[in-house]
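Examination of the molecular architecture
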Amino acid sequence: MSAPASKPVRSTQPRFPGLRQFFREPLGVFGLAIVVILVLGAVFAPYLTDYAPNALDIKSRLAKPSSEHWLGADHLGRDTFTRVLYGGRVALKVAAWSISLALLGGLLLGMLAGYGPRWLDNLLILVFDAVRSFPTIMFALAIITLTGPSINMVIMVIVITSIPVYARIVRTQTMALRESEFVLAARSVGTGWFRMLYLHILPNVIGPLLILASMDIPVVVTIESGLSFLGLGVRPPTASWGTVLADGYAYVRNTPWLLVAGGVPLILTTLGFTFMGEALRDVFDPTLKKRD
Amino acid sequence: MTPVLSIKNLSIDFLTPGRPVHALREVNLSVPQNRIVGIVGESGSGKSTVVSAVMRLLANNAEVRSGEIKFEDRDILAMRESELRALRGEEIAMVFQDPMTAQTPVLSIGQQMVDIQYRRSLSIKEKRQKVIDMLTRVGIPDPSDRMDQYPHQFSGGMRQRISIAMALMMNPKLLIADEPTTALDVTLEAQIIHLFRELKKSFDGSIVVVSHNLGLIAELCDEVVVMYAGEVVERAAVDDIFYRAVHPYTQALLDCDPARLDELSQTLPTIPGDVPDLQDVPEGCIFASRCDQKLQQCASNRPPAATITQAHDVRCHLVKDG
Amino acid sequence: MADLLNITGLGVRFRALSSLAAMLQNVSDPWLDAVLDVSLSVGVGETVALVGESGSGKTTLGRSVMGLVRPQKGSIQFGGTELCGLSEAAYKPVRRNIAMMFQDPVASLSRRRSIKAQISEPFKVHGVPVDDDETARLMELVGLNHSFNNRFPHELSGGQARRVGVARALTLSPKLIIADEPTAGLDVSVQGEILNLMRDLQKQLGISYLIVTHNLPVVRHISDRIAVMYLGRLLEQGDTRSIFKSPAHPYTRVLLDAVPQPDPAKRRELASIEGEVPSLRDRPAGCEFHPRCAFRQERCLSESPESRPLADGRIVRCHFPLEAG
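Remember, predicted model here, so these are calculated numbers, not experimental data.

1. Thoughts on the overall build of chain B
- A count of helices and strands for chain B gives 10 helices and 12 strands.
- Since a compact globule built from 322 residues should have a radius of gyration of about 20 Å, the 21 Å found for chain B is in line with a globular shape.
- Taken along its principal axes, the extent of the C-alpha atoms in chain B is 70 × 50 × 40 Å.
- Burial status across chain B gives 53% buried among its 322 residues.
- In chain B, once contacts between residues fewer than 6 apart in sequence are set aside, the share between residues at least 24 apart is 63%.
- Put simply, chain B shows about 13,800 Å² of open surface, and 49% of that area lies on carbon and sulfur atoms.

Take a look at the structure:
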């Protein structure tokens, strides 16, 4: 061939350019640090404390923070620090399950609506809008009042109400990609719909969606805590940030630290995941980045 | 007569996470009064960077290493933001490549063109009359009715005419047209070229046409600046460039244009090789690696800009100054 | 020359309004004709260029041969098989023999897949075992060395991405390649490389090309025949040389005259044509080109001309074709 073999345009590129850029965003690193601490605290809870989360100890009832009880003890003498650690397990478990199931459902239904036939799209959009028109909390209250409180029910409610949100985003992106030249090019060689969605569409929609999901984690954690606070989430005596708050609430005049112990993790979760998500978004979706 | 625009020794780097990209290196060019100057080059030649530098619209990571850009006798690079705002639109105006995105979609074109005149102390009625006159000049039919329509109600060709009308509204001394016909179909391109030529008869400013299209340059320009990989390799009057080009790159570029091949050919000419990496600018002549007439010194010594005739400069070892 | 591709009376329409909106707005015909009654053939080893301005329907015609757009009328015969009305499953084997190169070389590559994966994609889709030697041979054929295997589209220049597009089109050894604006976005010094490559491959492999483009100077050098489209209609088709020498349709002449000449001595004082291509929504009555035609007569305003052959074998759709010379 007459044409010479030309060189690649850029020969040296860092393997994970995004990662390096992420570590240059101070708030993002701060967020990541909080998230890591919360996750480690929840995972290694049994090793971080000598108490069991539900062990009663009437002697330490409403104890002040001390070297024995770092965050004091509640009205049944249970160690608050331990309950906060174990509460983190519930929060993160609910967040992990509900966000991953919602992502999975949202991706599947969104890609189907965006790439499938018109009638399917119309049908799915109708369902999404119907579900989205219930306020999450009202929907949760209604369902849980009927079925009785349980974590699984909380997860289910969150999944059902989040799927339409994710699916809508995926659908819009899929529709835009569907008209793009690389999808036409893939169609022109005879690529079937499954291969198309899996190989060509999915990798292009999943990034922004994951970032969005990481910013939704605090919302989910707050919903879980809120429902548990109202007695509609975890069953007592299971520890949750919501139940810690609820237990502390009754004694707020005498033992304000109980409320602080339940509230601070919630605030930290929100800050941590939001900062991390925003930094990730700036790195991976530069179009949304603020101009400096 | 002082030139409207003169760029001396301009070098610009773009800072990247790796090494800086030396996007422009010692660029010299001048735009005399009342002339049409074409800047021609392929992608990566730096022609758009020159335009951005003149408008002071460079990206944030750009760093001016040296040089000056003089508009008449004022230094653009030293201007404050308020002076720049007065300069842009008022004295230097621009026409962009894509007519479909060059206007605000939510205001009628008449409204937009009245707004451009905000520095003038005229009544609305007088301003509207000026808009109607301008639209008539660029060939918009029924301007007094159509000026109250929105951009989407005009076709692509009409919108490019409106862009030109907006640019000329304040009677600038310099009009920069950046690939003004690239997004247009060939019959519209011919119309816009014709429009520029008509406007030039009544417009007493200078025009800079930036394009990769040799046809557009030949049809429109008085003088041509040829750029390659961030350098000006040759500049001369349009006839000198098209009939007496000296720099091997200019010659090769002209040879590659299929519209200039009279004989039907089986194999189209090309310029073998790649544009050099501007993070690691080679010593010597920038075109040496692809040049078919290269001498021994070309790889090691950067040729100085030599003047052949009064208005014909070339940066090539094949030419001796004088 | 035996015809590889034979298009007759092809019509492609798009719905402009939903039936409800059409009823409410009292529009009797909510359809837009993107391609209207087009007949065209491509011989084995032949290069046919489809030229026209935006809105002429040339891209839609190319895509309908590829089966990306489904025509409502007419027939597309490819190697003796009728393609119109085939189901997606029945189309699949056809796609081994027809390949397409898309307009934007970078955007037509999947952003997150390596170059090697993209070139061997057609093998996987058609259940052919991936042959690494074959992929390497294709890369070499288009002038890309093996260091490109693991690169991603954003790391390529326009010319390199274009080469990947050519290699991918060649993967299954097609008989016909539809190239949509193969020179779009390329510098003049690079476009020759791609066109020469395509021509070399044609000589070696006997491929036919249907090239969709608006770049007339290039068409003159690379195509055997050209077909000129306007508002979905084919106005003139015939031998490239004779059309460039003496266009028979007034629109063809206008199109050729409009190309700016890279020669300051050939500056023209007048634009060759006024007005713009009308919208498909306001298709003019009679001959579609009459509002812009300098040679129009009474008859052109009301009566749509039929395509008819001229003495030299050209087919022209005009009541009053221009005399030669």
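2. With respect to the nonpolar core
- Grouped together as the largest cluster of nonpolar side chains are 65 residues, with contacts concentrated most on Leu135(B), Ile164(B) and Leu175(B).
- Ranked by the residues each element gives to this core, the list is headed by helix H6 (residues 156-168) of chain B, at 7 residues.
- Non-local contacts of Ile164(B), meaning those with residues more than four positions away in its chain, are made with Val95(B), Val138(B), Ile192(B), Leu195(B), Phe196(B) and Leu199(B).
- Counting 54 residues, the second largest nonpolar core, distinct from the first, contains Ile151(A), Val157(A), Ile158(A) and Met196(A).

3. So, the sheet that holds strand S3 (residues 36-40) of chain B
Residue and element names in this part refer to chain B.
- Taken together, 8 strands build an open sheet; the order of strands is S6-S7-S8-S3-S9-S10-S12-S11 and the sheet is mixed. One side of each edge strand has no neighbouring strand; the edge strands of this open sheet are strand S6 (92-95) and strand S11 (305-309). Neighbour to neighbour, the strand axes of the sheet diverge by 20° on average, direction disregarded.
- By the bridge criterion, 2 bridges tie strand S10 (residues 231-237) to strand S12 (residues 312-315) in an arrangement that is antiparallel. Within the sheet, the bridge partner assigned to Glu234 lies in S12 and is Val314.
- Along the sheet, H6 makes contact with S6 and strand S7 (174-178), crossing S6 at roughly 175°.
- With respect to the sheet, helix H10 (residues 248-256) is in contact with strand S9 (223-228) and S10, its orientation differing from that of S9 by roughly 100°.

4. Comments concerning the interface of chain B and chain C
- The interface is formed by 49 residues belonging to chain B together with 38 residues belonging to chain C.
- Interface area for chain B against chain C, summed over the two sides, is near 3,700 Å², with a carbon-plus-sulfur share of 51%.
- Summed over the shared surface of chain B and chain C, the number is 1 salt bridge.
- Across the salt bridge formed by Glu219(B) and Arg268(C), the nearest N and O atoms sit 2.7 Å from each other.
- The tally of links from chain B across to chain C stands at 23 residue pairs in polar contact (both at pLDDT 80 or more).
- For the side of chain B that touches chain C, the elements supplying multiple residues, two or more each, are H6, helix H7 (186-202), helix H8 (214-220), helix H9 (238-243) and H10 of chain B.
- Its residues assigned to classes, the side of chain B that touches chain C shows 24 nonpolar, 13 polar and 12 charged.

5. Topic: the packing of aromatic side chains
All names here are of chain A.
- For the structure shown, the criterion picks out 13 aromatic pairs over all chains.
- Arranged with centres 6.0 Å apart and planes meeting at 40°, the rings of Phe30 and Phe275 form a pair that is tilted. With Phe30 in helix H2 (residues 26-43) and Phe275 in helix H11 (residues 256-284), the pair connects residues that are 245 residues apart, well separated along the chain.
- Consider the rings of Phe44 and Tyr47, whose centres lie 6.3 Å apart with planes at 55°: the pair is tilted.

6. Some thoughts on the confidence of the model for chain B
- In the predicted model, chain B carries a mean pLDDT of 91, and the fraction of residues at 70 or more is 99%.
- As scored by the predictor, the complex reaches a pTM of 0.85 and an ipTM of 0.88.

7. A closer look at the state of the cysteines
- The tally for this structure, following the rule as stated, stands at 0 disulfides over all chains.
- Left unpaired, Cys285(B) is separated from the closest cysteine sulfur, that of Cys298(B), by 5.9 Å.
- Free cysteine Cys318(C): the closest other cysteine sulfur is in Cys287(C), separated by 6.2 Å.

8. With respect to a nonpolar patch on the surface
All names here are of chain A.
- Residues Val36, Val39, Leu40, Val43, Phe44, Tyr47 and Leu48 make up a contiguous nonpolar surface patch of about 660 Å² in total accessible area.
- Sorting the residues of the nonpolar patch by element identifies H2 and helix H3 (45-48) as the ones contributing at least two each.
- A per-element tally of the nonpolar patch places H2 first, with 4 residues.
- The topology assignment puts Leu48 in helix H3.

9. Overview of unusual backbone geometry
- Here the phi dihedral of Glu179(B) falls at roughly 45°; this positive angle occurs in a residue that is not glycine.
- Here Glu179(B) shows up in the loop between S7 and H7.
- A residue is classified by how much of its surface remains accessible, and Glu179(B), at 8% relative accessible area, is buried.
- Backbone geometry places Glu181(C), a non-glycine residue, at a positive phi of 45°.
- Position of Glu181(C) relative to the elements: it lies in the loop between strand S7 (176-180) and helix H7 (188-205).
- For Glu181(C), a relative accessible area of 6% translates into the label buried.

10. Some remarks on the sheet that holds strand S9 (residues 225-230) of chain C
All names here are of chain C.
- With mixed pairing, the 8 strands of this open sheet are ordered in space as S6-S7-S8-S3-S9-S10-S12-S11. Every interior strand has two partners, whereas the edge strands, strand S6 (98-101) and strand S11 (308-309), have only one.
- Relative to S7, S6 is paired through 4 bridges, and the arrangement is parallel. Residue Met101 lies in a different strand from S7, and its bridge partner there is Ala179.
- Strands in contact with helix H6 (residues 158-170) are S6 and S7; relative to S6, the strand with the most contacts, it is inclined by about 170°.
- Relative to strand S8 (residues 208-213), H7 is tilted by about 155°, and along the sheet it contacts strand S3 (47-51), S6, S7 and S8.

11. Topic: the pairing of S6(B)
Residue and element names in this part refer to chain B.
- Here S6 shows a buried face lined by Ile92 and Met94 and a second buried face lined by Ala93 and Val95.
- The sheet contact formed by S6 and S7 spans 4 bridges and is parallel. When the sheet's bridge partners are listed, Val95 is paired in S7 with Ala177.

Thresholds applied
- Residues numbered from 1 in each chain as written.
- Chains lettered and ligands numbered in written order.
- Predicted model: local features only at pLDDT ≥ 70, side-chain atom pairs only at ≥ 80, totals over all residues.
- Heavy atoms only, no water.
- Helix = DSSP H or I, 4+ residues; strand = E, 2+ residues; numbered from the N terminus.
- Rg over C-alpha atoms; globule rule 2.2 N^0.38 Å.
- Buried < 20%, exposed > 50% of the residue type's maximum accessible area, 1.4 Å probe, protein only.
- Contact = heavy atoms within 4.5 Å.
- Areas by Shrake-Rupley, 256 points an atom, 1.4 Å probe, with all protein chains shown as cover.
- Core = buried A, V, L, I, M, F, W, Y, C linked by side-chain atoms within 4.5 Å.
- Pairing = 2+ DSSP bridges.
- Axes fitted to C-alpha atoms, helices over the stretch in contact; angles between N-to-C directions.
- Buried area = accessible area lost by both parts, 1.4 Å probe.
- Salt bridge = Lys/Arg side-chain N within 4 Å of Asp/Glu carboxyl O.
- Polar contact = N/O pair within 3.5 Å; in protein donor to acceptor, adjacent residues only side chain to side chain.
- Nonpolar A, V, L, I, M, F, W, Y, C, P; charged D, E, K, R; others polar.
- Phe/Tyr/Trp six-rings, centres within 6.5 Å; stacked < 30°, edge-to-face > 60°.
- pLDDT = per-residue confidence, 0-100.
- Disulfide = S-S within 2.5 Å.
- Patch = residues over 30% accessible without salt bridge, like charges linked within 9 Å, V, L, I, M, F, W, Y side chains within 5 Å.

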